[in-house]
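Here's the letter readout for the chains.
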Amino acid sequence: MKKYTCPMHPQVLKDEPGKCPLCGMTLVPIDGGSVSRAHTSGHEKSGHSQQGHAKDDFNKHEGHHTGDFLTRFWLSLFVTIPILLLSHMIQQWLGFSITFPGDNYVLLVLGTLIYSYGGFPFLRGMMGEMKAKAVGMMTLVAIAISVAYIYSVAVVFGLQGMDFFWELATLIDIMLLGHWLEMRSQMAASRALQSLVALLPNDVTVERSGEVVKIKLEDLRNGETVIIKPGEKIPADGIVLEGLSYINESMLTGESVPVKKDKDGKVIAGSINGDGALKVKVTAVGKDSYLNRVINLVQEAQTTKSNTQNLADKVAKWLTFIAIAVGISTFVYWFASSGDIAFALERMVTVMVTACPHALGVAIPLVVAVSTTLSATNGLLIRNRTAFETTRKLSTVIFDKTGTLTKGAHVVEKVIPLTDEYNADEVIQYAAAVQQNSEHHIAKGIMATLKAKGLTLWKSENFSYMQGIGVKGVVKGKNVVAGGPNYFTENHRALPEIPAEINQHAETVNFIFIDDRVIGLITLADSIREGSGQAIEELKKIGIKSFLLTGDNDKIAAAVAGKLGMEGYLANVLPHNKQEKVKELQDRGEVVAMTGDGVNDAPALAQADVGIAVGSGTDVAAETADIILVDSDPRDVVKLIDFGKLTYKKMVQNLIWAVGYNIAAIPLAAGVLYPSFILSPAMGAVLMSVSTIVVAINASFLKIKNKSK
């Protein structure tokens, strides 16, 4: 579903278009031109046209908001010129005089025009904030310009004093310009996410009824075959049927090197084809595509407030009340001590404008917008902002072995019959028959061997998966079990002697039972994933311990952990026990990240302070994980931790600047250095705008380090 927010109040989030309850401005769509599709003509389309319209709507609304402030600024600036020329104080400063009968009424008309037109966004914003009981920046600005205007009107109609029309005009000009500049900075962060939408092509070449035709992307359906020429964008997620090419996925996964894709390889919508032609079967369009899931995850992360952002919101709220209180106190003090109501009002207006907590209000949201988009385009999908912030505190990272530190592509090494009744091929056939319904890496290895040998795949019945133990079923009327060492532990049976020819330090052993009797065993070997050693080494450098967690036996676990130089390992751990192991470390005071595949490791991922899912590829539905590493590279764990620290550092810098600015500026606005130094309302507005722009610029400097290959 499309979401809408207010550029001035990012905390406002609505499911439908409308006005911001805080400031009354038209809400901006933030779904990145969502690729979510409507049901059309009885089937779900890819909806590229809707996506394009959403993108156009975003630009249109964006142009309306930023353009509205800019238009009001230019027109207000035009009106300000005669106001300055007719103001007696300006005339005294510059040594000229322009007077004529009724000139004060001309000032009144011009001042009313700039107050009602230029000040309208702030007046409307104040009404929205009061209605929502969320007094903030708009209220402060509206009170300041209203006090200046009302006092000036009173002077025109006989009150003793000097009008504020020129201060009012310049204050509104600067506030409008400052808001325009700030909104441009905010929109820049959003446009990075919007650019993901532009990754999809407008037209697609497909095979239909034996003919090659070109269609619009919104007419593409799941199951269709698309032809992708060299240099073209991949229109949808799919599987390669024919051809070989190298795909550029850098804009989606952060992988800088083009990835080889041939038959049965998976391709992602939005990536760019290299110099080979591909024929691809479409498996996911619209809301099911990887690109749309990335956009949705980024949106969720951007709209979820973290602890740091909650702190900033509380400080901004209290700063608003403090500004009002200090403003009123300043007026009372100066009026009581000097009797000059004009000077007292000027000080109050300056305090309120200068103390606007706008920089504080956007300090964290801007960093969030930049960091979530930047991380997504580098293959780090953040689902939980608080957990992401916690990465800077990590002391221990637990890695699941298979598919995380190792490739997970187990290859059959040995097939050893243990009775004379069955030969090696039959052991494979019985194992494959019972494993064919499993997605486990052992099952895939056995099925690949069956296919390579050209053996017949037998049917099986009553299939059952025993988590962390093995599988069982009925094959040719016989009860067949394919299980690891844990099967013996669970059934309180003695583990048979392993033949000496098997290297238990590197090979996983799968036992084959027929009618409760071991008839043979199959060994499979896995290889350590490229980058695993570098990841562990870099974790050590930053003082983070690493542990291996696996269901494999002690010998295999010790061999892998030793080779990688890890602090330790936890072997023979069943999936439901992994959560307990994580909790044990937490009870010792460790801040723990669990890194696994997001399926068998779900309880442990949920228990950990930071749950990191790897090996997901294009499947980003690891619901229990806080963060998903698209590229399945262990080095991305280090990159994630480093980026988490940099992001938090930016947040702290913005908070320090925003709070520090107010601590320094409010006393100056109140007049503590008078008569040596006096801060005018216009200069106060300049400082407030500059502080907000500094925060926005600082957030834009956030960068993510690429892993070295």
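Look up a bit, the structure's there.
A brief look at the structure comes next. Here the structure is a predicted model, which is why all the values come from computation and not from measurement.

With that settled, consider helix H21 (residues 635–670). The first and last C-alpha atoms of H21 sit 53 Å apart over 36 residues, in line with the 52 Å expected at 1.5 Å per residue. Count one or two residues on from H21 and you reach Gly671, which has phi positive near 95°.

As a packed pair, helix H10 (residues 341–354) and H21 sit with axes 8 Å apart at the nearest point and diverge in direction by 170°. Considered as vectors, H10 and H21 are oriented roughly antiparallel to each other. The residues of H21 that touch H10, namely those facing Arg347, Thr350, Val351 and Thr354, are Tyr661, Asn662, Ala665, Ile666, Leu668, Ala669 and Ala670.

This part is about the packing of aromatic side chains. Counting across every chain of the model gives 15 aromatic pairs. Consider the rings of Phe388 and Phe643, whose centres lie 5.9 Å apart with planes at 50°: the pair is tilted. With Phe388 in helix H12 (residues 385–390) and Phe643 in helix H21, this residue pair connects regions lying 255 residues apart in the sequence. Counting every residue linked through ring pairs, the aromatic cluster contains Tyr333, Trp334, Phe343 and Tyr674. The ring centre of Tyr648 lies 3.4 Å from the NZ or CZ of Arg392, which sits over that ring. Directly above the aromatic system of Trp458 lies the positively charged group of Lys476, at a separation of 3.7 Å from the ring centroid.

Moving on, we come to the nonpolar core. Generally speaking, nonpolar side chains in soluble globular proteins are found buried as a group. By size, the foremost hydrophobic cluster in this structure holds 44 residues, and its most contacted members are Ile83, Phe122, Ile145, Tyr149, Phe165, Leu168 and Met175. Looking at this core, the elements with two or more residues in it are helix H1 (48–86), helix H3 (103–117), helix H4 (120–131), helix H5 (137–156), helix H6 (165–197), H10 and H21. Among the elements that line this core, the one with the most residues is H5, at 11 residues. Setting aside residues no more than four positions away along its own chain, Ile145 makes contact with Tyr115, Gly119, Phe122, Leu123, Leu168, Leu171 and Ile172. Listed in part, the 43 residues of the second largest apolar core include Ile382, Leu548, Ala557 and Ala561.

Applying the stated rule across the entire model yields 16 salt bridges. Of the charged contacts in the structure, one is a salt bridge between Asp400 and Lys578, with a shortest N-O distance of 3.1 Å. Here Asp400, found in strand E15 (residues 396–400), pairs with Lys578, found in helix H19 (residues 575–587); they are 178 residues apart in sequence, far enough to count as distant. When sorted by exposure, Asp400 lands in the same class as Lys578, which is buried.

Cut-offs applied
- Residues numbered from 1 in each chain as written.
- Predicted model: local features only at pLDDT ≥ 70, side-chain atom pairs only at ≥ 80, totals over all residues.
- Heavy atoms only, no water.
- Helix = DSSP H or I, 4+ residues; strand = E, 2+ residues; numbered from the N terminus.
- Expected span 1.5 Å × (residues − 1).
- Axes fitted to C-alpha atoms, helices over the stretch in contact; angles between N-to-C directions.
- Parallel < 35°, antiparallel > 145°, perpendicular 65-115°, else oblique.
- Contact = heavy atoms within 4.5 Å.
- Phe/Tyr/Trp six-rings, centres within 6.5 Å; stacked < 30°, edge-to-face > 60°.
- Lys NZ or Arg CZ within 6 Å of the ring centre and 35° of its normal.
- Core = buried A, V, L, I, M, F, W, Y, C linked by side-chain atoms within 4.5 Å.
- Buried < 20%, exposed > 50% of the residue type's maximum accessible area, 1.4 Å probe, protein only.
- Salt bridge = Lys/Arg side-chain N within 4 Å of Asp/Glu carboxyl O.

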